[in-house]
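# Close look at the chain arrangement
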Amino acid sequence: MDLTTMIGILGGIILVCGAAYPDRPNVRPLTSIKDWLFALGGLAMLVYSIMNYLAGGSVFFVFLQGLVNLSSVFMMLETDDRIDTPVMIVATLALIAWSLWLIPGINTVIFILGLSGIGIGYCSTGGTIRRNMALLLGSALVAFFSFIEGNMIFFWLNVFFAGFSLVQVVKMASNYRFVENVAEK
């Protein structure tokens, strides 16, 4: 196994552990194990995606991990949404334009939608259904794109990430219904 693959697998494992770790509301990112796993796993996957691109892989994974790492910086610094949202929108729009300029087509649109979902999920407040739904949908689309591109590390990473995000959504939704029912009685 080469170094690039090992870094990709390690980064994927860290991110999947982050996705599996319980999401708690109102926890500061710098003290959140989940957010640290997201940030460190994203950094490892950025290194992997750059190394993979230099070896002939898709540049889209570098775009994805670049946006994920920008989101992680905003997440860890707890920047105000009035600052990080416009920056993320501009960065995402720039990557969308660049992606469509490089390779126009439906696969690129699938990638862009997944990229946007993951970026929104990273920046969203922890412990919310919104965050986990964005991560679920974004990861599912990136998994599909990764399968089409033949990148099995990103495929399996995003399959597991989407699965664990779905588990978080189901838990939160069932807790919400439980609280709602108790409040009515």
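This write-up is about the structure you can find in this document. Treat the numbers as computed from the prediction; the structure is a model and nothing was measured. (Residues numbered from 1 in each chain as written. Predicted model: local features only at pLDDT ≥ 70, side-chain atom pairs only at ≥ 80, totals over all residues. Heavy atoms only, no water.)

## A closer look at the overall build of the chain
- Counting its secondary structure elements, the chain contains seven helices and zero strands.
- Counting from the amino terminus, the chain carries its helices and strands in the arrangement α-α-α-α-α-α-α.
- Computed over its C-alpha atoms, the radius of gyration of the chain comes to 16 Å, within 12% of the 16 Å expected for a compact globule of 185 residues.
- Expressed along its principal axes, the backbone C-alpha trace of the chain runs to roughly 60 × 35 × 30 Å.
- The burial tally for the chain puts 45% of its 185 residues in the buried class.
- About 9,700 Å² of surface is accessible on the chain, with carbon and sulfur atoms providing 73% of the total.
- For the chain, the distance from the average site of its 9 positive side-chain charges to the average site of its 10 negative ones is 8 Å. (Helix = DSSP H or I, 4+ residues; strand = E, 2+ residues; numbered from the N terminus. Rg over C-alpha atoms; globule rule 2.2 N^0.38 Å. Buried < 20%, exposed > 50% of the residue type's maximum accessible area, 1.4 Å probe, protein only. Areas by Shrake-Rupley, 256 points an atom, 1.4 Å probe, with all protein chains shown as cover. Lys, Arg positive; Asp, Glu negative; His and termini not counted. Charge placed at Lys NZ, Arg CZ, Asp CG, Glu CD.)

## A closer look at the packing of helix 3 (residues 60-77) against helix 5 (residues 106-123)
- Put simply, helix 3 and helix 5 touch, their axes get as near as 8 Å, and they point 15 degrees apart. By the angle between their directions, the pair helix 3 and helix 5 is classed as roughly parallel. The two elements helix 3 and helix 5 cross, and the hand of that crossing is right-handed. Only Thr108, Phe111, Leu115, Ile118, Gly119, Tyr122 and Cys123 of helix 5 make contact with helix 3, whose side of the interface consists of Phe60, Phe63, Leu64, Leu67, Val68, Ser71, Ser72 and Met75. (Axes fitted to C-alpha atoms, helices over the stretch in contact; angles between N-to-C directions. Parallel < 35°, antiparallel > 145°, perpendicular 65-115°, else oblique. Left-handed = near helix turned anticlockwise from the far one by under 90°. Contact = heavy atoms within 4.5 Å.)

## Digging into a nonpolar patch on the surface
- A cluster of nonpolar side chains, contributed by Phe144, Phe147, Ile148, Met152, Trp156, Val159 and Phe160, occupies part of the molecular surface with about 660 Å² of accessible area.
- You can call Met152 partly exposed: its relative accessible area is 35%. (Patch = residues over 30% accessible without salt bridge, like charges linked within 9 Å, V, L, I, M, F, W, Y side chains within 5 Å. Salt bridge = Lys/Arg side-chain N within 4 Å of Asp/Glu carboxyl O.)

## Looking at empty space enclosed by the protein
- One pass over the structure, following the stated rule, counts one cavity of 30 Å³ or more.
- Taken together, Leu15, Gly42, Leu64, Gln65, Val68, Ile118, Tyr122, Ser139, Phe154, Leu157, Asn158 and Phe161 make up the full set of residues lining the largest cavity.
- Partitioning the lining of the largest cavity into residue classes produces eight nonpolar, four polar and no charged. (1 Å grid on protein atoms, 1.4 Å probe; cavity = no way out; pocket = protein on both sides within 12 Å on 5 of 7 lines; lining within 4 Å. Points joined across faces, edges and corners; volume = space filled by probe spheres on them. Nonpolar A, V, L, I, M, F, W, Y, C, P; charged D, E, K, R; others polar.)

## Some points on the pattern of salt bridges
- Considering all chains together, one arrives at three salt bridges under this definition.
- Here Asp35 makes a salt bridge to Arg131, at a shortest N to O gap of 2.8 Å. With Asp35 in helix 2 (residues 33-54) and Arg131 in helix 6 (residues 129-149), this pair connects stretches of sequence that are 96 residues apart.

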